[in-house]
Amino acid sequence: MHRIYLDHNATTPLDPRALEAMLPFLRDDYGNPSSLHWFGQRALAAVEQARAEVAALVGADPAEIVFTSGGSEADNLALRGAAAKARSPRTAVVSSAIEHHAVLNTAKAMRDEGRPVAIARVREDGVLDLDDLAEKVDEATAVVTVMLANNETGVLQPVREASRIARARGALVHCDAVQAAGKVPIDVRALDVDLLALSAHKLYGPKGAGCLYVRRGTPMAPLVRGGAQERNRRAGTENVAGAVGFGAAAATAREAPAAEAGRVAALRDRLEARLLAIPAVRRNGDGPRVPNTTNVSFEGVDAEALLIALDLEGVAASTGAACAAGGIEPSHVLRAMGYPPERVQSSLRLSLGRGTTQEDVDRAADIIAAVVARMRRPTPS
Ligand SMILES: Cc1ncc(COP(=O)(O)O)c(C=O)c1O
C-alpha cells in the first residue's frame, strides 16, 4: 500500500543530509566535547559548527544557543529558568491558552508550586487576544510565553506585539517557535524575544535534539545541574550526533527556497479546498497560518474513528486530542477558540511536508471524502 504521510507537525522524516552529517559521530568520532585531546576537540568543533548553523536559522549569536534534548526541555528551561531568576515581586507567568503542553503543563506545575499563573484568551480565529494579554501582564509578571505558530491549527501568533506589551511592563518574553521553524523565517531580534525554543525533529532533524535561544544577558537558572557544559546553562555530555543533525537540518531549512514554502502552501490550499467542498466541513483557524497545516471539522463524524479509518486506507493524519491518563482529552486549542465539543471532536489536522506531492494530496482528498461519506451513512437498524 502506498502510504500518505500528512502528519509533519507530529514529526518529519530525517533529511538525508542530516543523517550523513550525523553518521561519523555515531561511528568513529566518539569523543567527548569536554575532553582536551584530539578526539574531544573534533566533537567540540562539530557541536560548535552546529550551534552556529542553528543560531543563523533564527538570527541569533551562537553563544546564545543552549542545546537541549528537544522542544519540551527548552520550554521547561525557559519558564522555570527565567522565573527562578526573576526578582520579587516578579513571580507570575502569563501564557496564551493555546500553548503546547510543554509550556502549559510547566506553567500548571509552577502554579501548583505556588506561583501566580494567568492564561490569556484566544479569539475564534485562533489568534491570541492581545487586549486580554495586556490586562493580564503587570509589574508582578516574570515571564510571558506566546508561541509563534500553533501546532494544531498552524495559526501564526502576534509574538512581536505580545513582546511589546510584556516589555512595557518589564517582563521577559519566551516564544515556542517549534512549529514555525523551517516553515516561516524567524528573527529573534525582530520578534524581540528573550527566549525561544526550537526542536530538530520538526524540521527534518533527529528526535531528541533541540535548543533554547537565550538572549545575551538574560538571567536564567539551569534546569539540569552538573558539569559546566553549555556555558553552565545545561549540564550533561552533549548529544553530539543530535546537535550535528540539528545543525545540518537548520542549514538545509535556511537554504530551502521560498518556492518550497509556496509549493507546500499551494498543495495545502488544494487539499483544503477539496475538503471544504464536502458538505458540512469547516476550517478551524482563520488567522494567517504556516504554509503546511490545515485543520478541519467534519460535522457528525467522530475524529478518532475517522483517523483510524484513514490509517487503514493508508492516510496518516492527526487529531488535536492528546492521550491523557484514563482516555483521550479533546483539543485544548480548539476549545480555547470557543468551539463547541461536537466540533472539537470532529476535527482533523493534516500537515504536509517536503515529500508531499500533488498526487498524495489528491488521493488523500478522495480517500477522506469517501471515508467521511461512509461514516455519515445511517447504519441500517
Ligand atoms: C509547539 C510545540 N512545542 C513543543 C513541542 C515539543 O517538542 P519536542 O517533541 O522536541 O519535545 C512540540 C512537539 O509536538 C510542539 O509542537
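Residues numbered from 1 in each chain as written. Predicted model: local features only at pLDDT ≥ 70, side-chain atom pairs only at ≥ 80, totals over all residues. Heavy atoms only, no water.

A. Region of the structure containing the pairing of strand S10 (residues 293-298). In terms of burial, S10 is largely enclosed, as six of its six residues are buried. Of the two faces of S10, the one holding Thr293, Asn295 and Ser297 and the one holding Thr294, Val296 and Phe298 are both buried throughout. As judged from the three bridges shared by strand S9 (residues 281-283) and S10, these two strands associate in the antiparallel manner. Pairing of Arg282 across the sheet is with Ser297, part of S10. In this sheet, strand S14 (residues 347-351) lies alongside S10 in antiparallel orientation, the contact comprising five bridges. Opposite Ser297, over in S14, you have Ser347 as the bridge partner. (Buried < 20%, exposed > 50% of the residue type's maximum accessible area, 1.4 Å probe, protein only. Helix = DSSP H or I, 4+ residues; strand = E, 2+ residues; numbered from the N terminus. Pairing = 2+ DSSP bridges.)

B. Here's a closer look at the pairing of strand S7 (residues 195-199). Counting buried positions over the five residues of S7 gives five, a clear majority of the element. Along S7, one buried face is formed by Leu195, Ala197 and Ser199 and the opposite face, lined by Leu196 and Leu198, is buried too. In terms of strand pairing, strand S6 (residues 172-176) meets S7 through three bridges, oriented parallel. Of the residues in S7, the one forming a bridge with Cys175 is Leu196.

This is a description of form; function is not addressed.
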